[in-house]
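Understanding the architecture of this molecule
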Amino acid sequence: MIKSKIKICGISKIETLNFCIKNKVDYFGMIFYDKSPRFINYKIAAELINFAKNKSITPVGVFVNCEIKNLIEILKKINLKFIQLHGNENNEYLKKIKEKVDVKIIKCLGIEKKKDFDLLKSFSFADYLLFDYKAKKNDLPGGNAKSFDWSLLKDLKIEKPWFISGGININNIKEIDEYVIPYGIDISSGVEDFPGEKNLDKINKIMSLTNE
């Protein structure tokens, strides 16, 4: 049985969201990065957030180096209470957001080597951390179907709750428990037929593992 919370990222359709709710997914991510094949506009996001209201799933907006003024305006407009920052945002950036709006922040850190974890203490204003494959020059910031070496997490002392992401699918999700038990597991490409197109059967199979 997988003990971690499950987050499905890159949701853009009510049908997919409803399926996630029925399968007891804990979080769903909406991508507000226009270079991503999973990008959605704010009108659709508002519909998804409204649909999820009072249901047992938490909406998360994913942003990449968004101008703070624009980000705060978006959060207020669509009443979004949870965000994931997947770019080069620093702790001062997080601080400014917290001063303007009541929001929980997941800060992504790209991981390639053990020393990349040295940045852990640099994000005091993050509520959660997310460890992902460290994107190369031509990669997207996330959703690349690529994993980092999960053994790097073994015996690591992490004070904040954290998610693991990057190339997680039905074939390797149980391997995570061999090293660590994260607060959450973030899945995107692992439940898709191609970037941006979620496969409901793959979501069902992933979630069925949480009850085995």
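Scroll up for the structure.
Let me begin by describing the structure that accompanies this report. Predicted model only: the values in this text are computed from it and were never measured. (Residues numbered from 1 in each chain as written. Predicted model: local features only at pLDDT ≥ 70, side-chain atom pairs only at ≥ 80, totals over all residues. Heavy atoms only, no water.)

This paragraph deals with the sheet that holds strand E3 (residues 58-63). Read around the closed barrel, eight strands run E1-E2-E3-E4-E5-E6-E7-E8, paired in parallel fashion. Taken over all neighbouring pairs, the strand axes of this sheet differ in orientation by 25° on average, direction set aside. Taken together, the five bridges between strand E2 (residues 27-31) and E3 define a ladder with parallel strand orientation. The residue of E3 that forms the bridge with Met30 is Gly61. The strands touched by helix H4 (residues 91-100) are strand E4 (82-85) and strand E5 (104-111); relative to E5, the strand with the most contacts, the crossing angle is about 165°. (Pairing = 2+ DSSP bridges. Helix = DSSP H or I, 4+ residues; strand = E, 2+ residues; numbered from the N terminus. Axes fitted to C-alpha atoms, helices over the stretch in contact; angles between N-to-C directions. Contact = heavy atoms within 4.5 Å.)

Mapped onto the elements of the fold, Met207 is located in helix H5 (residues 200-208). Leaving out residues up to four positions away in the same chain, Met207 has contacts with Ile6, Asn23, Lys24 and Val25.

To continue, consider the layout of surface pockets. Of the pockets and cavities examined, the largest pocket occupies roughly 420 Å³. Along the wall of the largest pocket there are 17 residues; nearest its centre are His86, Gly87, Asn88, Cys108 and Gly110. In terms of residue count, the dominant contributor to the lining of the largest pocket is E5 (four residues). (1 Å grid on protein atoms, 1.4 Å probe; cavity = no way out; pocket = protein on both sides within 12 Å on 5 of 7 lines; lining within 4 Å. Points joined across faces, edges and corners; volume = space filled by probe spheres on them.)

What follows deals with the packing of helix H1 (residues 14-22) against helix H2 (residues 42-52). Direction vectors running N to C along H1 and H2 enclose 30°, while the axes themselves pass 10 Å from each other. Classified by the interaxial angle, the pair formed by H1 and H2 is roughly parallel. Here H1 runs over H2; the crossing is right-handed. Between H1 and H2, the contacting residues are Ile14, Leu17, Asn18 and Ile21 on the first element and Glu47, Leu48, Phe51 and Ala52 on the second. (Parallel < 35°, antiparallel > 145°, perpendicular 65-115°, else oblique. Left-handed = near helix turned anticlockwise from the far one by under 90°.)

Within the largest apolar cluster, 58 residues are counted, with the highest numbers of intra-cluster contacts made by Phe63, Ile83, Ile97 and Phe131. Discounting chain neighbours no more than four positions away, the residues touching Phe63 are Phe32, Leu71, Ile74, Leu75, Leu80, Ile83, Gln84, Leu85, His86, Gly87 and Glu89. The next biggest cluster of nonpolar side chains, apart from the first, holds eight residues, and it includes Phe82, Tyr128, Leu130 and Phe163. (Core = buried A, V, L, I, M, F, W, Y, C linked by side-chain atoms within 4.5 Å. Buried < 20%, exposed > 50% of the residue type's maximum accessible area, 1.4 Å probe, protein only.)

Of the residues making up helix H3 (residues 68-78), those classed as buried are Leu71, Ile72, Ile74, Leu75 and Ile78. Burial along H3 is one-sided: seen end-on, the buried residues are contained in an arc of 160°. Residues of H3 that are exposed and angled more than 90 degrees away from the buried face: Lys69, Glu73, Lys76 and Lys77. Next to the buried residues of H3 lie H2, E3, E4 and H4. Once H3 ends, the next one or two residues include Asn79, with phi positive near 55°. (Arc of directions from axis to C-beta.)

Two side chains bearing opposite charge may form a pair once their charged atoms approach each other closely. Taken as a whole and assessed by the stated rule, the structure comprises ten salt bridges. In this structure, Glu192 and Arg38 form a salt bridge, with 2.8 Å as the shortest nitrogen-oxygen distance. You can see Glu192 sitting in strand E9 (residues 192-194) and its partner Arg38 sitting in the loop between E2 and H2, a full 154 residues away along the chain. Each member of the pair, Glu192 as well as Arg38, is classed as buried. With its nearest N and O atoms 3.9 Å apart, the salt bridge here joins Lys202 to Asp193. Among the ionic contacts, a cluster of salt bridges with common partners joins Arg38, Glu192 and Lys198. (Salt bridge = Lys/Arg side-chain N within 4 Å of Asp/Glu carboxyl O.)

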